[in-house]
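# Analysis of the macromolecular model
Next come the chains, spelled out residue by residue.
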There are 2 protein chains.
Amino acid sequence: MKRKSSRAVQPSLRPRLRITSGKEIAFGPGKAELLSWVAKTGSIGQSAKRMGMSYMRAWSLVQTMNSCFRQPVVRAARGGRERGGAQLTETGWRVLALYQHMEQAALKAVRTDWRALQKLLHG
Amino acid sequence: MKRKSSRAVQPSLRPRLRITSGKEIAFGPGKAELLSWVAKTGSIGQSAKRMGMSYMRAWSLVQTMNSCFRQPVVRAARGGRERGGAQLTETGWRVLALYQHMEQAALKAVRTDWRALQKLLHG
């Protein structure tokens, strides 16, 4: 709990926006990262690998998103030759863009307070 | 994963601001709630109870905060007759106020995007 060495690193702030729908986490930082990887790699399997999670875990996160949004966010072909071949739908792109913009807006909005808070921290 | 009943509840957004210092979480939603309870109850034990955590867990969170900030955020008398008698320091009050203001500012900053995103969700 008191690793002196950890103090050398500058304190950092990360706004994590968590969207819940009933008991489900419909969207959040992890799911946003997953969508980004799916957009980049075109594959749930590749995305899972980059994020250090199992294919089944990534698949399950996609299923949760697809069930929480009115339209699917990822169109995926499960199994087959191109196991996990996947792409963002129009809704997927829109959700990702809105979320990323929210993250940036949140970070910008707290900047002044964060500077004040940072001065109170070891760093 | 597909509980229909969970759809009845309006989707909600919570900005969780996590402040890391090296490998430690110096401050975040849980620690902010703990400080609020300490301010209200004047006791780590009472605060732990309200938050459904053990006394040792709450005590450990306080220790982490106190070691991450330049000045302690909670002044606590451990054990004794008034087990866990505790109060926020000036730094503690300041940290809590800054953090709560950051949360409000973040929520306000994302409001427009959140409305747009909400329309894409079941709810």
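In short, a report on the structure. (Residues numbered from 1 in each chain as written. Chains lettered and ligands numbered in written order. Predicted model: local features only at pLDDT ≥ 70, side-chain atom pairs only at ≥ 80, totals over all residues. Heavy atoms only, no water.)

### Quick notes on the interface of chain B and chain A
Defined as follows: Only heavy atoms matter for contacts: two residues are in contact if any of them lie within 4.5 Å across the pair. For this analysis, a polar contact is any N or O atom pair within 3.5 Å, provided that within protein one partner can donate a hydrogen and the other can accept it, and provided that sequence-adjacent residues contribute only side-chain to side-chain pairs. Helix and strand definitions follow DSSP, with helices as H or I runs of at least four residues and strands as E runs of at least two, each counted in order from the N terminus. Classification used: nonpolar for Ala, Val, Leu, Ile, Met, Phe, Trp, Tyr, Cys and Pro, charged for Asp, Glu, Lys and Arg, polar for all others including Gly. Should DSSP find at least two bridges between two strands, the strands are regarded as paired.
Of the residues lining the interface, 46 residues belong to chain B; the matching set on chain A comes to 46 residues. The interface formed by chain B and chain A includes 17 residue pairs in polar contact (both at pLDDT 80 or more). Of all elements in the fold, only strand 1 (12–21), strand 2 (24–27), helix 3 (55–68), helix 4 (90–109) and helix 5 (111–118) of chain B reach the threshold of two or more residues within the side of chain B that touches chain A. Looking at the side of chain B that touches chain A element by element, the count peaks at 10 residues for strand 1 of chain B. Residues belonging to the side of chain B that touches chain A are distributed by class as follows: 22 nonpolar, 12 polar and 12 charged. Sheet topology places strand 1 (residues 12–21) of chain A next to strand 1 of chain B; nine bridges connect them, and they run antiparallel. Across the sheet, the residue bridging to Pro-15 of chain A is Leu-17 of chain B, located in strand 1 of chain B.

### A word on the sheet that holds strand 1 of chain A
Where strands meet in a sheet, backbone hydrogen bonds hold them as pairs that are either parallel or antiparallel. Note the following rule: Interaxial angles span 0 to 180 degrees and are taken between N-to-C directions of axes, which are lines fitted to C-alpha atoms, for helices over the stretch in contact.
Read from one edge to the other, the open sheet built from four strands follows the order 2(A)-1(A)-1(B)-2(B), with strand pairing classed as antiparallel. Each edge of the open sheet is held by one strand with a lone partner, namely strand 2 (24–27) of chain A together with strand 2 of chain B. In this sheet, neighbouring strand axes are inclined to one another by 50° on average, regardless of whether the strands run parallel or antiparallel.

### Here we look at the nonpolar core
The tendency in soluble globular proteins is for nonpolar side chains to be buried as a group. This is how the line gets drawn: To form a nonpolar core, buried Ala, Val, Leu, Ile, Met, Phe, Trp, Tyr and Cys residues must be joined to one another through side-chain atoms within 4.5 Å. Note on classification: 1.4 Å probe, protein chains only; a residue is buried when its accessible area is under 20% of the maximum for its type, exposed when over 50%, partly exposed between these limits.
One finds Ile-19, Phe-27 and Leu-117 of chain A together with Ile-19, Phe-27 and Leu-117 of chain B to be the most contacted residues of the largest nonpolar core, which totals 72 residues. In this structure Phe-27 of chain B touches Leu-17, Arg-18, Ile-19, Ala-32, Leu-35, Met-65, Phe-69, Val-95 and Tyr-99 of chain B, once residues within four positions along its chain are discounted.

### A few points about the packing of helix 5 (residues 111–118) of chain A against helix 4 of chain B
Test applied: The scheme is simple: roughly parallel for angles under 35 degrees, roughly antiparallel for over 145, roughly perpendicular for 65 to 115, oblique for anything else. Note: crossing handedness is left-handed where the near helix turns anticlockwise from the far helix by less than a right angle, and right-handed where it turns clockwise.
It is the contact of helix 5 of chain A with helix 4 of chain B, at a shortest axis distance of 9 Å, that shows an interaxial angle of 160°. Considering their axes alone, helix 5 of chain A and helix 4 of chain B lie roughly antiparallel with respect to each other. Once helix 5 of chain A is placed against helix 4 of chain B, the crossing between them reads as left-handed. Each of Asp-113, Trp-114, Ala-116 and Leu-117 of chain A in helix 5 of chain A lies in contact with helix 4 of chain B, whose residues at this interface are Arg-94, Val-95, Leu-98, His-101 and Met-102 of chain B.

### A short note on the environment of His-101 of chain A
Residue placement: His-101 of chain A occurs in helix 4 (residues 90–109). Relative accessible area serves as the criterion here: at 43%, His-101 of chain A is assigned to the partly exposed category. Through-space distance from the C-alpha of His-101 of chain A to that of Gly-85 of chain A is 27 Å; in sequence the pair is 16 residues apart. Within the local environment of His-101 of chain A, its side chain forms a polar contact with the side chain of Asp-113 of chain B, the two groups lying 2.5 Å apart.

### Focus: the layout of surface pockets
Note the cut-off: In the cavity and pocket records, a cavity denotes points on a 1 Å grid over the protein atoms alone where a 1.4 Å probe fits but cannot get out, a pocket denotes an open set with protein on both sides within 12 Å along at least 5 of 7 lines, and lining residues are residues with an atom within 4 Å of a point. Grid points are joined across faces, edges and corners, and a volume is the space filled by probe spheres set on the points.
In this model, the largest pocket occupies a volume close to 200 Å³. Considering the residues around the largest pocket, the lining is formed by 13 residues, among which Arg-16, Gly-28, Pro-29, Gly-30 and Lys-31 of chain B are closest to the centre. At the level of elements, strand 1, helix 1 (29–41) and helix 3 of chain B are the ones that each hand at least two residues to the lining of the largest pocket. Considering every element that reaches the lining of the largest pocket, the biggest residue donor is helix 1 of chain B, with four residues. Across the lining of the largest pocket, the residue classes break down as five nonpolar, two polar and six charged. Each pocket or cavity is described by its volume, and for the second largest pocket that value is around 170 Å³. Taken together, Arg-16, Arg-18, Ile-25, Gly-28, Pro-29, Gly-30, Lys-31, Arg-57 and Leu-61 of chain A together with Arg-16 of chain B form the lining of the second largest pocket. Contributions of two or more residues to the lining of the second largest pocket are made by strand 1, helix 1 (29–41) and helix 3 (55–68) of chain A. At three residues, helix 1 of chain A tops the list of elements feeding residues into the lining of the second largest pocket. Class assignment for the residues of the lining of the second largest pocket results in three nonpolar, two polar and five charged.

### A look at the environment of Gln-100 of chain A
Residue and element names in this part refer to chain A. Assignment of secondary structure puts Gln-100 in helix 4. Among the residues examined, Gln-100 registers a relative accessible area of 31% and is labelled partly exposed. Sequence spacing of Gln-100 and Ala-32 is 68 residues, and the spatial spacing of their C-alpha atoms is 8.0 Å.

### Description of the packing of helix 1 of chain B against helix 4 of chain B
Residues and elements named next belong to chain B. Two elements in contact, helix 1 and helix 4, have axes separated by 10 Å at closest approach and are oriented at 130°. The orientation of helix 1 with respect to helix 4, classified from their angle, is oblique. As for the relative orientation of helix 1 and helix 4, their crossing is left-handed in sense. Judged by residue contacts, Pro-29, Ala-32, Leu-35, Ser-36 and Ala-39 of helix 1 engage Gly-92, Trp-93, Leu-96, Tyr-99 and Gln-100 from helix 4.

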